[in-house]
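The residues making up each chain are set out below.
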Amino acid sequence: QLFALPIDWAVVEKHRIIDDKLRPWVEKKMKEYIGEEEDTSDMVDFVASMLEERATPADIIDQLAAVLDADAHVLGVKLWRMLAFEALTAAAAKDPPPVS
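Procedures and definitions
- Residues numbered from 1 in each chain as written.
- Predicted model: local features only at pLDDT ≥ 70, side-chain atom pairs only at ≥ 80, totals over all residues.
- Heavy atoms only, no water.
- Helix = DSSP H or I, 4+ residues; strand = E, 2+ residues; numbered from the N terminus.
- Expected span 1.5 Å × (residues − 1).
- Bend = angle between axes of the 7 residues up to and from the residue.
- Buried < 20%, exposed > 50% of the residue type's maximum accessible area, 1.4 Å probe, protein only.
- Contact = heavy atoms within 4.5 Å.
- Axes fitted to C-alpha atoms, helices over the stretch in contact; angles between N-to-C directions.
- Parallel < 35°, antiparallel > 145°, perpendicular 65-115°, else oblique.
- Left-handed = near helix turned anticlockwise from the far one by under 90°.
- Nonpolar A, V, L, I, M, F, W, Y, C, P; charged D, E, K, R; others polar.
- Salt bridge = Lys/Arg side-chain N within 4 Å of Asp/Glu carboxyl O.
- Core = buried A, V, L, I, M, F, W, Y, C linked by side-chain atoms within 4.5 Å.

(A) Focus on helix H2 (residues 17-34). If you check H2, its first and last C-alpha atoms are 24 Å apart, about what 18 residues at 1.5 Å a residue would give, namely 26 Å. At Arg23, H2 is bent by approximately 35°, the largest bend along its length, and proline Pro24 sits one to four residues beyond. Of the positions making up H2, those classed as buried are Ile17, Ile18, Leu22, Trp25, Val26, Lys29 and Met30. Next to the buried residues of H2 lie helix H1 (9-14), helix H3 (41-52), helix H4 (57-68) and helix H5 (71-92).

Structure (C-alpha cells):
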C-alpha cells in the first residue's frame, strides 16, 4: 500500500525534499550499511538522481540490491515512506507569511 501512495512531485521539487531531507538521510543509511570508511557519495548521488527522475520504488530497490543485497528492500521501503511523509507534510503546511 505504501508504494501505491501517490507522490506530489511538484511539492517534492518546490520544497527541495530530495536535496534537503532525503539526501542527508540516504547518506547516513549508506554509511550504516556499507561502512563509515567507504565513500558513499556516488551511491547517494545515484539514489537522488533516481528520485529526481521519479523512479518507481521497485526500480530503486532493484538498483540498490546490486550493492546492498537483502538490505535493499528495507532501505527502499524506508526511503519511500520518508518521501511520502515529507511530501504530505510539505503539502499540508501553510506557506509562511511574508516578512513585512
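The structure having been displayed, the exposition proceeds.
(B) Representation of the packing of H4 against H5. The geometry of H4 relative to H5 is characterised by a closest axis approach of 8 Å and an angle of 140° between their N-to-C directions. Relative to H5, H4 is oriented oblique. Here H4 and H5 pass one another in a crossing that is right-handed. On H5, the residues that touch Pro57, Ile60, Ile61, Leu64, Ala65 and Leu68 of H4 are Asp71, Ala72, His73, Leu75, Gly76, Leu79 and Trp80. When the residues that make up the contact of H4 with H5 are grouped by side-chain class, the tally is 10 nonpolar, two polar and one charged.

(C) Representation of the pattern of salt bridges. Under the criterion given, the structure shown has six salt bridges. With a shortest N-O distance of 3.7 Å, Asp19 and Arg16 are connected by a salt bridge. On the accessibility criterion, Arg16 (45% relative accessible area) is partly exposed. With a closest N to O distance of 3.5 Å, Arg23 and Asp19 form a salt bridge. A residue pair is termed a helical-turn pair when its members lie 3 or 4 positions apart in one helix, as Arg23 and Asp19 do in helix H2 at four residues. Judged by relative accessible area, which is 26%, Arg23 ranks as partly exposed.

(D) Structural view of the environment of Lys29. Assignment of secondary structure puts Lys29 in helix H2. For Lys29, a relative accessible area of 14% translates into the label buried. Separated by 44 residues in sequence, Lys29 and His73 place their C-alpha atoms 13 Å apart.

(E) How the structure looks around the environment of His15. Tracing the chain through its elements places His15 in the loop between H1 and H2. In this structure the C-alpha to C-alpha distance between His15 and Leu51, which are 36 residues apart in sequence, comes to 14 Å.

(F) Quick look at the nonpolar core. Met30, Leu51, Leu64 and Leu83 are the most contacted members of the largest nonpolar core, which has 30 residues in total. Of all the secondary-structure elements, those providing two or more residues to this core are H1, H2, H3, H4 and H5. At nine residues, H5 tops the list of elements feeding residues into this core. Every residue in contact with Leu83, bar those within four places of it in the chain, is listed here: Ile7, Trp9, Val12, Ile17, Leu22 and Leu51.

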